[in-house]
Each structure stands twice: as C-alpha cells, then as structure tokens.
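# Observations on chain architecture
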Amino acid sequence: MMTYSYISHLSCSVCDLTFDDHEINQLCSCGAPLLVNYDLAKMKETTNKSDIGNRQPTLWRYHELLPIRNEENIVSLGEGMTPLIQTNKIGEDMSLNRLYIKDEGIIPTGTFKARGAAVGMSKAKELGIKQMAMPTNGNAGSAWSAYATRANIKQTVVMPNDSPEITKKECQLFNADVHIVDGLINDAGKIVKDHINDTGKYDVSTLKEPYRIEGKKTMGLEIAEQLDWTMPDVILYPTGGGVGLIGIYKALKELKEIGWVTGKLPRLVAVQSTNCAPIVKAWENGDTHSTIWKNSETIAFGINVPKALGDFLVLEAIEKTNGCAIAISDEDLLEEQQKVAAEEGLFICPEGAAVFSAARQLKQQQWIHADDVVICLNTGAGIKYPNTFDVDLPILNKNDRL
Ligand SMILES: *Cc1c(COP(=O)(O)O)cnc(C)c1O
Ligand SMILES: [Zn+2]
C-alpha cells in the first residue's frame, strides 16, 4: 500500500522531548513550538521527484511531506502551486537580471495564510477536533474561518478593531464566531488564552499548533520544483510571526536530505517594517531572541507582530543560511507597490511591496548581486487593501470629448 504521509512524530524546537502526532498537541511543556518530523530515509526509497510533476497543481502534490495520514481528512479549496513569474521590468529597474515574484495573491482568501489553514485544518479534522479559537490581525482569521466552515469545525476569532474591514466581513461570512477587541493583537491573544483555559478549545494561535508551518513550508517546495529542482540564491520574506520563513527553511532542508536538491541553501531575508522591527533589531544586535516592539504601527498589517513566539527560529534560519534582516518604511513600500503595479501589472499587497523594496535596497548595498536568482514572496493580493492609496480622477460630463 502507498504511504500517504511519512510523518513520524513531533519534536520540541528547544528541548529533547518528542510527541505522538496521533494525539492533540499544542506547545511543548517547556513552552516552545513543536516541529513535525518525517521518516525521510524511507520516503527517499519510495518516492521520486519525477512523480510529483504529474499530480494536481495544489500543495497536496507534496503529501508525503505533509502531516495528514489519511487522504480523506484533507480540507481543500484548491490552494497552492501559485505562479513563479519573472519580473523583468522591475528587475531591470533594480539592476537585477533574475528577479522573480512568487505570487500568493491568487490563493483562496487572497493571502498565503490559506496554506497554513488548509494543512492545519486538515490535521485538526484528522484529530477529531470540533472547536478552535485564535487571535488574528485579519488574514489568518479569514483563511482559518473559510477552512473551518468547510471542515464543519467551529472557529472563534478575536481581532483588533483596526483590523481591515474586509477581513472582519470575511470571518463573519464564513460563519465564524467573531469578536472585535478595543485593543491590539496581544490583547486579542489574552482574551483567546483565557477563553481556551475556560473551554478547552483547540488553540490555533500562530505556532501554538504544529501544523501551520507545514502548510507554509510548501512555498519552499514549490519554489524548488518551479526552478526545476534547483535552489535560488536569495528568498525575501515579509516577516511577522515568521512562520513562512521557518517553513521555507524547513522545506529546503528536507528536500536536501532526500536528495531532490543539492548545494547551498538560499540566503533567507526577513523583511519587516521600520515601525515594527523586533527581528531586525535582534539580528543587528546579534541576539538569539527578540524583545517586544512598543507602539508598533504599519500599513503592512500582516507583519505588525511586536513579538513572535518563533523569533529564535527565524533568527536561526537567517544565520544558518547567511541571510539577513532588513526594515522598510511605509513610504518606501507604498512607492514600490505602485511601481510594481505600473510596470508588471501586479497589484501586490503592502507586505509583498516591502519585500521588493528590500530587494532594491539590498542590491544597492551590494548584498544582492546582479546575477543572483532572487525570489520576492508576495504574500497576498493588493485588492484586499483598498485603502493603501487614493485615486483622484477628473470626472467628465456626459457630452465631453477626451
Ligand atoms: C501574516 C502575513 C504575513 C506574515 O507572515 P508570518 O508567517 O506570520 O511571518 C505576511 N504577509 C501577509 C499578507 C500576511 O497576512
Ligand atoms: Zn520543549
């Protein structure tokens, strides 16, 4: 019989404890996030990378490296295999010859949060979970609410009042139990924590369940496959909780271990906002952990995370790959967003625009070289953020001529 998943167990990202994935797990008893392990040696014997190309264009094409044991538990909206497109004009503008966008804007619910939600929700279904809760700045809530309703799981979300209107509406439309807090994401987090203590619901806060990383890691698997099983030189990622970056790093290490890619890992770049840059600050200070960023504020709300539970994993990934961390101002990212739209026909989200601006600045600093293969991760659709800029167009009278 074919093995659908080569998952073997969970292990703590800090201490030596291991856990059984047939049971419901959250954080380790030491407080650190858990990571999924696979029997890669066995997988290597039975699966070839040439098998993958014939499969459906969704992230489930990598099911051997995903944590769902039984295919029947998969909850899908057709997510994954987003386009990897060369952006020549903006590349030329930055003096980069091989600049690509990995465009997550066309995924269900309009952001790459769908990847984490699809895999996390499928595993929750496999574990028999009926109720879950999470704090969110918006995009995660919308993605998890969409998949929850599809999985017949009751989702409770708590979000700050200044979360984007569209994400509040999405959660409500997807039939979640939505609550708005007059406060910030950490206030929402506290309310969720108390609610979970009171009710015993499954906690799907960032990194408090082990499977969201596995969903997000598929971006790394796709990039390698789309580059014909080679690795790029640089991947830039807009970093909030850092789950995507941790995931991409994990994916590429797994691919190396099974021998599907060889050579050096790409230099991973954590891109943040100048008004919320805890990881950048820790990186510059040579620290292994970040400290909470006070009064954070940025138009790129997906990366407005003052303190990430997995900060040390992000810092480790950028250190081990000779990467770096860089902060971008709202002004610079807005300018970049308009350039990318005008030159490439791509309406990227502000977080994605921060990444393009980072590529430009790192090229100017000669940290990126002209012939490097550079991947900018655009994590969402610009159309989810209708208020990032205004239009001021003249209005014609009906009988006017142009
Ligand atoms: C959540 C989010 C991010 C940050 O993702 P992390 O994995 O938490 O670092 C970036 N961009 C968008 C659009 C997001 O919604
Ligand atoms: Zn531990």
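Residues numbered from 1 in each chain as written. Chains lettered and ligands numbered in written order. Predicted model: local features only at pLDDT ≥ 70, side-chain atom pairs only at ≥ 80, totals over all residues. Heavy atoms only, no water.

## Focus: the pairing of strand β8 (residues 177-181)
As a reminder of what qualifies: Only strands joined by at least two bridges in the DSSP assignment are considered to pair. The numbering of helices and of strands both runs from the N terminus, where a helix is a DSSP run of H or I of at least 4 residues and a strand a run of E of at least 2.
Relative to β8, strand β7 (residues 154-160) runs parallel, the two sharing five bridges. Its bridge partner lying in β8, Met-159 is registered against Ile-180.

## Description of the packing of helix α5 (residues 139-150) against helix α6 (residues 165-173)
Counted only if it meets this: The axes are straight lines fitted to the C-alpha atoms, using for helices just the contacting stretch, and the angles between their N-to-C directions are given from 0 to 180°. Here roughly perpendicular refers to angles of 65 to 115 degrees, roughly parallel to angles under 35, roughly antiparallel to angles over 145, and oblique to all remaining angles. Handedness of a crossing follows from how the near helix is turned relative to the far one, being left-handed for an anticlockwise turn of less than a right angle and right-handed for a clockwise one. Only heavy atoms enter the contact rule, under which two residues are in contact if any of them lie within 4.5 Å. Amino acid classes used here: Ala, Val, Leu, Ile, Met, Phe, Trp, Tyr, Cys and Pro are nonpolar; Asp, Glu, Lys and Arg are charged; the rest, including Gly, are polar.
Between α5 and α6, whose axes approach to 8 Å, the crossing angle comes to 20°. Taken as axis vectors, α5 and α6 run roughly parallel relative to one another. The handedness of the crossing between α5 and α6 is left-handed. In contact with Asn-139, Gly-141, Ser-142 and Ser-145 of α5, α6 contributes Thr-167, Glu-170 and Cys-171. For the contact of α5 with α6, a count of residues per class yields one nonpolar, five polar and one charged.

## Re the site of ligand 1
Going by this rule: Near, as used in this document, describes a residue that has one of its heavy atoms within 4 Å of the molecule or strand being considered. Polar contact criterion, stated in full: a pair of N or O atoms within 3.5 Å, where within protein one must be able to donate a hydrogen and the other to accept it, and residues adjacent in sequence count only if both atoms are side-chain atoms. For the area figures, the Shrake-Rupley method with a 1.4 Å probe applies, and any residue is considered shielded solely by the protein chains shown.
Lys-113, Tyr-237, Gly-240, Gly-242 and Thr-379 are the nearest of the 17 residues found near ligand 1. For ligand 1, an oxygen atom lies 2.9 Å from a polar atom in the side chain of Asn-139. With respect to ligand 1, the backbone of Val-243 contributes an N or O atom lying 3.1 Å from an oxygen atom. When the free accessible area of ligand 1 is taken as 380 Å², the share hidden by the protein chains comes to 96%. Counting residues per element, the ones that place at least two in the shell around ligand 1 are β10 (234-238) and α9 (243-257).

## Some remarks on the packing of aromatic side chains
What counts, and what does not: Two rings belonging to Phe, Tyr or Trp (six-membered ring only in the last case) form a pair when the distance between their centres is within 6.5 Å. Interplanar angles under 30 degrees mark stacking, angles over 60 mark edge-to-face geometry, and anything in between is tilted. To sort residues, take the accessible area from a 1.4 Å probe on protein chains only and compare it with the maximum for the residue type: under 20% means buried, over 50% means exposed, and anything in between is partly exposed. For a Lys NZ or an Arg CZ to count as sitting over a ring, it must be within 6 Å of the ring centre and within 35 degrees of the ring normal.
Applying the stated criterion across every chain, the model contains four aromatic pairs. Centre to centre, the rings of Trp-229 and Trp-260 are 5.3 Å apart; their planes meet at 80°, and the pair counts as edge-to-face. Note that Trp-229 is positioned in the loop between α8 (212-226) and β10 and Trp-260 in the loop between α9 and β11 (267-273), a separation of 31 residues in sequence. Both residues of the pair, Trp-229 and Trp-260, belong to the buried class. An angle of 35° between the planes, with centres 4.9 Å apart, marks the rings of Phe-301 and Tyr-385 as tilted. With Phe-301 in the loop between α10 (278-285) and α11 (311-320) and Tyr-385 in the segment after β13 (373-378), the pair connects residues that are 84 residues apart, well separated along the chain. Across the pair, exposure class does not vary: Phe-301 and Tyr-385 are buried alike. Against the face of Tyr-62 rests Arg-61, its NZ or CZ located 6.0 Å from the ring centre.

## Side note on the packing of α10 against α11
Interhelical geometry of α10 versus α11 gives an angle of 55° and a closest axis separation of 10 Å. When the axis of α10 is compared with that of α11, the two are oblique. The two elements α10 and α11 cross, and the hand of that crossing is right-handed. Mapping the contact onto sequence places Ile-279, Ala-282 and Trp-283 in α10 and Asp-311, Val-314, Leu-315, Ile-318 and Glu-319 in α11. Split by residue class, the contact of α10 with α11 holds six nonpolar, no polar and two charged.

## Notes on the sheet that holds strand β1 (residues 7-12)
The strand order β2-β1-β3 describes an open sheet built from three strands, whose pairing is antiparallel. Strand pairing shows two members of the sheet lacking a second neighbour, β2 (18-19) and β3 (34-38), which therefore form its edges. Strand direction decides the pairing type here: β1 and β2, joined by two bridges, are antiparallel. Its bridge partner lying in β2, Leu-10 is registered against Phe-19.

## Looking at the sheet that holds strand β6 (residues 131-135)
Backbone-to-backbone hydrogen bonds pair the strands of a sheet. The strands run either parallel or antiparallel. What the four strands build is an open sheet, ordered β8-β7-β6-β9; its pairing is parallel. Edge positions in the sheet fall to β8 and β9 (202-203), since each of these pairs with one other strand and no more. Of the strands in this sheet, β6 and β7 are in contact with α5, which crosses β7 at around 170°.

## Overview of the coordination of the zinc ion (ligand 2)
Worth spelling out the cut-off: Here the term donor refers to an N, O or S atom within 2.8 Å of the metal (or 3.2 Å for Na, K and Ca), and because water is left out of the atoms, sites may appear incomplete. Under the classification used here, a metal with four donors is tetrahedral if each angle lies between 85 and 135 degrees, square planar if opposite donors are over 155 degrees apart and the others between 65 and 115, a six-donor metal meeting that same test is octahedral, and anything else is irregular.
Here the zinc ion (ligand 2) is held by Cys-12 (SG), Cys-15 (SG), Cys-28 (SG) and Cys-30 (SG), and the distances to it run 2.3 Å. Taken together, the four donor atoms surrounding the zinc ion (ligand 2) define angles of 104 to 122° at the centre, an arrangement classified as tetrahedral. Counting the intervening residues between successive donors of the zinc ion (ligand 2) yields the motif C-x2-C-x12-C-x1-C. Taken together, the residues Cys-15 in the loop between β1 and β2 and Cys-28 in the loop between β2 and β3 connect sequence positions 13 residues apart. Taking relative accessible area as the criterion, Cys-15 reaches 27% and is therefore assigned partly exposed.

## Here's the deal with the pairing of strand β5 (residues 98-103)
When you tally the buried positions in β5, you get five out of six residues, the bulk of the element. Relative to β5, strand β4 (residues 84-86) runs antiparallel, the two sharing three bridges. For Leu-84, the partnering residue across the bridge sits in β5 and is Lys-102. Two elements, β5 and β13, share six bridges in a ladder whose sense is parallel. Opposite Tyr-100, over in β13, you have Ile-375 as the bridge partner.

## Some thoughts on a nonpolar patch on the surface
Put simply, the rule is: Two joining distances apply to patches: 9 Å for like charges and 5 Å for nonpolar side chains (Val, Leu, Ile, Met, Phe, Trp, Tyr), and every residue must have over 30% relative accessible area and no salt bridge. By salt bridge we mean one thing: a side-chain nitrogen of Lys or Arg within 4 Å of a carboxyl oxygen of Asp or Glu.
On the surface, Phe-347, Ile-383, Phe-389, Val-391 and Leu-393 cluster together into a nonpolar patch covering about 540 Å² of accessible area. Its place among the elements puts Val-391 in the segment after β13. Of the residues examined, Val-391 reaches a relative accessible area of 64% and is grouped as exposed.

## Some details on the pattern of salt bridges
One pass over the full model with this rule turns up 21 salt bridges. The salt bridge involving Arg-61 is made with Glu-225; its shortest N-O contact spans 2.7 Å. Remark: Glu-225 occurs in helix α8 and Arg-61 occurs in the loop between α2 (49-52) and β4; sequence separation between them is 164 residues. Residue classification places Arg-61 among the buried positions, given a relative accessible area of 5%.

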